[in-house]
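Chain by chain, the residues:
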Amino acid sequence: IVAFAEIEKFLDTPVKFYSSGMYVRLAFAVAAHLEPEILVVDEVLAVGDASFQKKCLGKMEDVARGGRTILFVSHNMATISALCSKALVLKNGATDFPMGDVSEAIACYLKQISEVSTGRLRDRKDRQGEGKIRIVDLGILDKNQASQDFFLSGQEVEFRIAYECANNPDPRNVQFAISIYAGTGGFVTMLGNEIAAAPFEQIGQRGFVSCKLKKLPLTPGRYVLNLAVRQNDLMQDWIQEAAVMQVESGDFFGTGRLTPATHGGVLVEQSWQIGGNYRHGGAS
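Basis of the calculations
Residues numbered from 1 in each chain as written. Predicted model: local features only at pLDDT ≥ 70, side-chain atom pairs only at ≥ 80, totals over all residues. Heavy atoms only, no water. Core = buried A, V, L, I, M, F, W, Y, C linked by side-chain atoms within 4.5 Å. Buried < 20%, exposed > 50% of the residue type's maximum accessible area, 1.4 Å probe, protein only. Helix = DSSP H or I, 4+ residues; strand = E, 2+ residues; numbered from the N terminus. Contact = heavy atoms within 4.5 Å. Salt bridge = Lys/Arg side-chain N within 4 Å of Asp/Glu carboxyl O. Pairing = 2+ DSSP bridges.

A.B. asks: Which residues make up the nonpolar core, and what values go with them?
C.D. replies: Ranked by internal contacts, the top residues of the largest apolar core, which has 32 residues, are Phe-159, Leu-225 and Met-245. Looking at this core, the elements that each hand over two or more residues are strand E6 (133-141), strand E8 (157-165), strand E9 (172-182), strand E10 (187-192), strand E12 (206-213), strand E13 (221-231) and strand E14 (234-248). When sequence neighbours within four positions are dropped, the list of residues in contact with Met-245 reads Ile-140, Phe-151, Val-157, Phe-159, Leu-216, Gly-221, Arg-222, Tyr-223 and Leu-225. In this structure, Met-60, Val-102, Ala-105 and Tyr-109 belong to the second largest nonpolar core, which totals 29 residues.

A.B. asks: Give me unusual backbone geometry: which residues, what numbers.
C.D. replies: Positive phi, normally seen in glycine, also occurs at Asn-92, with a value near 55°. Taking relative accessible area as the criterion, Asn-92 reaches 78% and is therefore assigned exposed. A positive phi angle, close to 55°, is found at Glu-241, a residue other than glycine. One can find Glu-241 in strand E14.

A.B. asks: Explain the pattern of salt bridges residue by residue, including any values.
C.D. replies: Working definition: two side chains of opposite charge can pair if their charged atoms are close together. Throughout the structure, instances matching the rule amount to eight salt bridges. The salt bridge involving Glu-164 is made with Arg-122; its shortest N-O contact spans 3.0 Å. Here Glu-164 is found in strand E8, whereas its partner Arg-122 is found in the loop between helix H5 (102-117) and strand E5 (127-128), with 42 residues between them in sequence. For Arg-122, a relative accessible area of 35% translates into the label partly exposed.

A.B. asks: Summarise the pairing of E10; cite the residues concerned and give the values.
C.D. replies: Across five bridges, the pairing between E9 and E10 is antiparallel. Across the sheet, Ala-177 pairs through a bridge with Gly-192, a residue of E10. What sits between E9 and E10 in their antiparallel hairpin is a turn of four residues, with Gly-185 showing a positive phi close to 105°.

Structure below.
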C-alpha cells in the first residue's frame, strides 16, 4: 500500500503534516487494496503526476474486471469515456441526467459547462482556496484587446486575469496559472508565470495579470479553462471550468493552409528540410 502511494520516504512523518495530495494518494491505496465490493473514487486522478494517475486507472480497471463496482466521480470526460460503462450527471446535488449512456451524459455535462462559464467569476461559489487572493474576472482578447466569440489557431491572444486581495496586506511570491483542457476533458497544456519565468515578487491589492501568446498553439476545437492563484505555494483561489474557449482553423504555420479540426491538441513550431543519404544513426 505504501509503495503504491509512493510515500515511503515519509513513513516517519506524522500524518497530520501530510499535504492534501499525500492524503489522497494514501487513501486511494488503502481503499483499492481492501478489495471492496464497491469502490468510490472522487477526483483522485486530479492528484499526482501522470505515472501515478496511470497507476490508479490500471488499479480501477483491475477492480472492474474482478466483477466489483466502481463509482467514479470526475470532471475528466476522456477518463470517464475510457473507464465507465454508464454515467449520470449531477447539478447542485440533484440528478441532471439519469444513469444511462456515457456519451449522452458527457454531452449534458458539456452543456452545463457552457452555462456556468457565462456567469461572472466574482460570483462563483464553487471555488477552493484560502481566499486571500480571489480571481474576479477573465478576459480573452485579441491583439487589439477586443474580446471575440472564437479565436484562430496561430493568432495573437492575451489572457487577462483580474484579481482582488482580501486581508492580505503583502501579497508576495504569487503564482497564477491557466490549465487548458479539451472539451472531452483531456489535459492539453498549462500557462503560468512560474513556469514561464518566476513568481510575481509582489502584486497590488487589486488589478490584473496578463499572459500573452504570440501564436495561439491550439488546434480547432472547444477548450475548457481552469484558473488558479497561489501564494507561497498555498492555493488561494481555484476555479474549475472558469471559461470555455472556441478555436477555429487558422494559418498557424503561415503556409496558406488551415489547421485541421481535431478533438483538441497543441500545435508545435517545427522546421522540415530534405537531407542527404541516410544511414542508421544519422545522415550524410
